[in-house]
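# Structure at a glance
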Amino acid sequence: MTSLVMFMPVIVVALGALVSLAAEPFLNDESKHKVLPWVAAVFVALGMAAFALVKVDCVYDLFAVDPVRRLLGVSVLLCALLGIGGLQWMLGREKMKGGEAYGLMLLASCGALLMTQAIDFLSLFIAMELTSFPVYALVGIRRKDQNAGEGVFKYFVSGSIFSAFFLYGVALIYGATGSTHMFSAVLEGRGSIYAVGILLVVFGLLFKAGAAPVHFWVADVYTGASVAVTGFMAAVVKVGALAALGSVWVGILATRAGAPAAWNLAEPVKFASQSPALYYVVLVVAILSMVIGAFSGLAQKSIRRILAFSAVMNAGFIVIGLLLPNYLKEGSVQLGSMFFFLVTYAIASAGALTGIAYLAGKEDKNENLEDIQGVGRRRPFVALGVAVCLASLAGLPPVAGFLAKFALFAGAFSAGMTATAIFGFGLSLVAAVYYLRIAYVLFAPRKEPCQCKCCCQTDPHYGYMLKFTVSLAALALLAMSVLPASALIG
Amino acid sequence: MTNLPLWLIPLFPLLGTILLGTIAVVSSGSKKGAAENIVGGLAVIFPAMSFACVTVLACGMPESGIRETLCNWIDFPLLHVDIGFLFDGLSRIMLLFVTGIGTLIALYSIGYMHGDRGFARFFAYINLFLFSMIVLVLSDNLLLTFFGWEGVGLCSYLLIGFWNKDLKNCKAANKAFIVNRVGDIGFLLGMLCLLSIGGAAVLNYDIFNQFMQMILNGGHLDLVFTLLTLTGVLFFVGCTGKSAQIPLLTWLPDAMAGPTPVSALIHAATMVTSGVYLVARMGKMFCMLPEVLLLIAFVGMFTALWAAITGLFQNDIKKVLAYSTISQLGYMFMAAGVCAFDASIFHVFTHAFFKAALFLGAGAVIHSLAGEQDMRKMGGLLKKTPVTACVMIFAFFAIVGFPGFAGFWSKDLILEKLVSNGPVIAMPFALGGSVNVPVGMILYVVGLATAVITAVYMGRLIIMTFFGEYRGSKESEAHIHEAPAVMLIPMVVLTFGSIFAGYLWADMIGITFFKDSLAAALGGAEAVGESILSVHHVNPVLFAVLGTLAALLGMFIAWRVYANKKIPTPKDSGAPEGSAAAWTFVWDYIHVGFVFPVRVIAWICDVVVDKFLQAFQWTLGAIGEILGDGASTFQVRRVRLQLALSITGVALIVLVALFAEGIVGIPDFVFKLIDSVKSLLGRVI
Amino acid sequence: MELQPIFIQILALAIFAVGIIVAISRRNLFFVLMGIELALNAVNLSFVGFAKTLPAEASLTGQIVPLFSIAIAAAEACVGFAMVILIFRNRESVDADSYSNMRG
Amino acid sequence: MLALIYFIILAVIALGAATCVLLSRHPLYGALSLVVSMVSLAGIYGLLGSPFLGVVQVMVYAGAIMMLVTFVIMVLNGARDSRTPMFDKVSLFIIPAVLVLAALVGVALVRAPLGFDAATIRGSVAVTSETLFNVAQGGPGYFILFEVLGLLLLSAMVAAVLMAKKRLGSVDSENVEEKH
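For the structure given in this document, a descriptive report is provided here. Because the structure is predicted, anything quoted here is derived from the model rather than measured.

Conventions adopted
Residues numbered from 1 in each chain as written. Chains lettered and ligands numbered in written order. Predicted model: local features only at pLDDT ≥ 70, side-chain atom pairs only at ≥ 80, totals over all residues. Heavy atoms only, no water. Helix = DSSP H or I, 4+ residues; strand = E, 2+ residues; numbered from the N terminus. Buried < 20%, exposed > 50% of the residue type's maximum accessible area, 1.4 Å probe, protein only. Contact = heavy atoms within 4.5 Å. Areas by Shrake-Rupley, 256 points an atom, 1.4 Å probe, with all protein chains shown as cover. 1 Å grid on protein atoms, 1.4 Å probe; cavity = no way out; pocket = protein on both sides within 12 Å on 5 of 7 lines; lining within 4 Å. Points joined across faces, edges and corners; volume = space filled by probe spheres on them. Nonpolar A, V, L, I, M, F, W, Y, C, P; charged D, E, K, R; others polar. Buried area = accessible area lost by both parts, 1.4 Å probe. Salt bridge = Lys/Arg side-chain N within 4 Å of Asp/Glu carboxyl O. Polar contact = N/O pair within 3.5 Å; in protein donor to acceptor, adjacent residues only side chain to side chain.

Glancing now at the overall build of chain A. Tallying secondary structure elements over chain A gives 20 helices and five strands in all. Scored against the burial criterion, the 490 residues of chain A give a buried share of 74%. Counting only contacts in chain A whose residues sit at least 6 apart along the sequence, the fraction spanning at least 24 positions is 79%. Taken as a whole, chain A presents about 12300 Å² of accessible surface, with 66% of it coming from carbon and sulfur.

Let us now look at empty space enclosed by the protein. Enumeration over the complete set of coordinates arrives at 16 cavities of 30 Å³ or more. Of the volumes computed, that of the largest cavity is approximately 130 Å³. Residue lining of the largest cavity: 13 residues in total, with A:G395, A:K405, A:F425, A:S428 and B:L188 positioned closest to the centre. Counting residues per element, the ones that place at least two in the lining of the largest cavity are α17 (400-414) and α18 (418-443) of chain A together with α6 (167-198) of chain B. Taken together, the residues of the lining of the largest cavity sort by class into nine nonpolar, two polar and two charged. The volume enclosed by the second largest cavity comes to roughly 110 Å³. For the second largest cavity, the full set of lining residues is B:F408, B:W409, B:D412, B:L413, B:E416, B:W505, B:A506, B:D507, B:M508, B:P540, B:F543 and B:A544. Elements supplying a minimum of two residues to the lining of the second largest cavity: α18 (406-421), β5 (505-506) and α23 (540-562) of chain B. With five residues, α18(B) is the single largest residue contributor to the lining of the second largest cavity. Looking at the lining of the second largest cavity residue by residue, the classes come out as nine nonpolar, no polar and three charged.

Relative to the elements of secondary structure, A:P397 occurs in the loop between α16 (380-394) and α17. Considered as a pair, A:P397 and A:S481 are 84 residues apart in the sequence and their alpha carbons are 8.3 Å apart. Other than its neighbours up to four places away in sequence, A:P397 contacts A:F402, B:F146, B:F147, B:E150 and B:R181.

With that out of the way, let us pick up the interface of chain A and chain C. With 42 residues of chain A at the interface, the matching set in chain C holds 44 residues. For chain A, the biggest contributors to the area lost against chain C are A:F153, A:Y168 and A:Y174; these three give 20% of the whole. Applying the counting rule to chain A against chain C returns zero salt bridges. The interface formed by chain A and chain C contains three residue pairs in polar contact (both at pLDDT 80 or more). Within the residue set of the side of chain A that touches chain C, elements represented by two or more residues are α6 (121-139), α7 (146-177) and α9 (216-224) of chain A.

As a further point, take unusual backbone geometry. Residue A:P213 is reached from A:A212 by a cis peptide bond, and omega for that bond is 5°. Checked against the element boundaries, A:P213 lands in the loop between α8 (191-209) and α9. We note that B:A244 has phi near 55°; this positive angle belongs to a residue other than glycine. Relative to the helices and strands, B:A244 is located in the loop between α8 (221-242) and α9 (251-254). The phi torsion at B:C339 lies on the positive side, around 70°, for a residue other than glycine. In this fold, B:C339 is placed in the loop between α14 (317-337) and α15 (341-368).

Keep in mind that these numbers describe shape and distance, not what the molecule does.
In structure tokens form, the structure reads like this:
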């Protein structure tokens, strides 16, 4: 059963979900948050290890694994670890009853893993929904909170409407090609249906990635969810959606050229079957996202909201990667720098938000910029991890985010998108201001001595995994900047 | 012994950083802090080992330099970079004084930082700074250099804000960081431009040089000239940031907020030279771009003059030295601007010694006066702290270019090169005809004038500090004491350096050792530059005499003006006032001028992009309702409106995309309609 | 005149559009959910309609995908109504516009 | 010809019922219209030669899902839509946007030549299930997706439980609630 080996990471994580869900009713409320996260984390770690078994191959034309997808998978699982750590800290401290959340988080990670591997629209759709449902529930996990309810509502409604759009796009593509496979040739005379279908599918994925003009949900949902969940969601859903977008993109090129499948994302693709219209669509989406993300973020006070707009902006940066090295003129696409950017972004934003979940006080009350001032001095370890992650988001060397940005802009420069590259570069500087502002505030002198007893009384047991995973994320970012090549080989 | 691996050099400070950082973190909880003996010892040993490595390597270095590639770093199709080191004539000189002076600073700091709460933390920063600086100098490609570049920026941020209890220091640190970031943008964009000209591997210095040679030999210069000029300007912007040239120079005086004067010294003697280093390193490119060279020369000239005049107005002893640093950097850039990269590096080298001696001396003065920095409260210290005074006076002779001292050789060399290499440019008149402008002569005259002013303000510093009567309070006078030995030793060593370093390249007595050692690394660039700039040889003795006269004149003026002048009683602040302040802070005001529009733009974008545009979209749908309902509905908070906007956006983009693909065509009758409207209009009109 | 595939597609498109309009323009939460169900139904119809225009092998996919999509729609309805119950408890309102208090 | 007549009848019912959903005031009426629309869609599936799908449609959609819908509407009895207007100014904006998008898709559909294929397979139970559970190495592999679907349903269930279960909030707030 070669195919079983191919799915080993997913199977292990799904097993972890089943185990933690099955064990949940047999534990009392106290020990739920002490035992279950560790169980889940062990399975996630095993899942990471299981990537060593996976070979580069595709299964039934439904799923495929290649070095890039492997890297994406590992980063999804790393973000899942961060998410579990944050969730343990939050749930344990607030003494929530019930530990279903850990199982749900693993199920969502399963979905994201499958999204990165899908090369068929049907499997992509199922994986996408598998990612979404648990995240809907996780956003609403703080059930008494009005904002959480609003967040779930907005996410659910817009999410299901855009998945309907996505599915309709799939139907049109099926009508045009006779298959839901991403790489099947268009039938005679049905090119127009294909064009519309692909646009709907692309926007369905861009919605999940939070790019403009379908970005409106991002700010509200990120703010509604608890900080720990926001960190998980920001990273995992985005990795899944943008990885799928990359597959779809290569698929479009292959389909239009009528060429055989080219599912290996690690290899450069050249079909000379590019569409100028799609080029401009991507460019418009990129520029809109960058502008909206950069400037709206400046006006925000809440860290979650700042990072929400940063998510919008980074979605804009990442989609530029679709056009490299030279989509418009030669129809050649190599998505390496895009996925490197994606991975660094995902780890950095998950790490930063999880760390802030640790620093933000009970029920995330102190999550605004002025409330969090000086917290980093009391908890320097986590705050340092957060600072590294923020530096990566801001694109400061020597953290990996710098390399990713540099590679992306260098590529855009060489691809002849000089204006876009300079524009994006300028906007990334604007955005760097708000990341650095968070870092600055964390370490600024405190305004008044600590008055809240709540944060000092917490059982430190709940924080160990969070501390460990945040430092793991920071180390991963540093390691990727020193040896980016090894990240892609692993 | 020569096959010592190169990575040992950065390794030692890195180890030191890690070790000291760990000590700092571990001991942060305890009341007493870690034992200063051990920490201080460790802090000195690591840079010293590094210095030892450099010395060993420097002695056995082959002519062409040592290259060492550790591993592949980045291998994207568009970008290929290795982690590698390059040890040649240029990096040898730089490394020698970076590690050497670094070691001395560490030694000195043990005395200076005695009893400070953050003792271990401070030395961790110093080691990290040295590590970054070594990486900057030793790297064999621009990207790794950029890492070091950012690293020193970070360390300067940390060191300036070292006493972060004080908001003023934090602000100064932020300012330094932000101004440096502006320069870094230039560096980054320059790299991008270079990549787009030269391909994936061009960031490596060897390949860079080959590439430039290829352009030159193949006569392809005119093909890439525009882009290459842009690249040169962008890199120069990067250098102005790090080397505090106009217009990015305001951070350096503010950086004096750091722990007196150790971090200040780091900025002044080592970090700021990285800009000069980069220009020299990329000399091959700059020498092909006469316009950029001219820009560099004039920026250097104005900076030198402006900073020298500003130095006259300062009351804070460290600020005087800071502005004098800026002024000396201006000289270095002037030299680089006429393709005399070796002279520029030579001045970097000598300057490092005498400026370090001056800063350490100033530090010793401040130390002995228990933190007093205002020169108006000093005076007559010659008797109380004789060693410090001697050090300062010798260094003073070096900086003003008194014959025989280090500054004499390097500064006069630069002035000589300005005349011999300076281009003559034909300036067309508006009414026709043109006049030949001897740029070299202009640069030389301004440089000479600056030398006079340098002597004046340095003389003022020496006179106000060491001569006359003590002007401080009586009780503080009793406490004045000479610095401890651990501080004096580095000072004395540096004093010897500032006397004798100049003899490495004493043209007049026939020693050209320094020039020869740099020839392999820079020679190509200078040859090209000299061929372009039409060099004519001049008599060096004439320049030496003129330079000496300038120094003597300046010293005379200083003695006449300041020796017997009644010094006004100081107010609380040491900052200059009135027109002096206007002159000093002109660039700060200009910076504020830049900051303000950015804020305005941000505000406008916040209002326009986020709210107004959404409102505008909304207007299209429900314009009648807006009139009735007012602006309360502008904010998109309702999910239905959010979705509606999203779908509108999608629909618009899809519409345009389908038009572009030709799937949706414009029906014929639209054209007919337009035509008929046109004809109708034509008939009416 | 015979039945044409395009009729089926146009019907599917029309129902899809009505479904989306119901989902967004109605303020009652239940209608929002029902609109989404309607849209997913229309997509299934589109799949089946396209399946009929394709040769043997390809047409099977068009029969299978709607099965999956029906299952997913059922799951979505389940999550959706759970969500309605959750937020209804908090705010006692089924008006979609009453869930718009977040500011930034 | 006969097929066309049946189709037209069913299509009119389906579309009409869909419009009723849009225009009905009370959610229950909307739900009933939705059932009508779904059943007539099931009829169209039968007409197009996919009886299995039609049956599934009736059972799952019209049966199970609509049960759920009506049940929840009944439970949350205060769910009357009478206070809020059915349409407001936002609708003015939504309807044109959706219609433009739909028109674009329509144009694309019309421009493509679509014709029934004679070789198409009737979607009977046997054929459908054989394809679905074909575990052969070279088969379509839908069984894997079937497994994933199992995970999906599990996640939906757990998500629903997490959101709708009565007491899952923090201990403190629950205690406060009990005192009241």
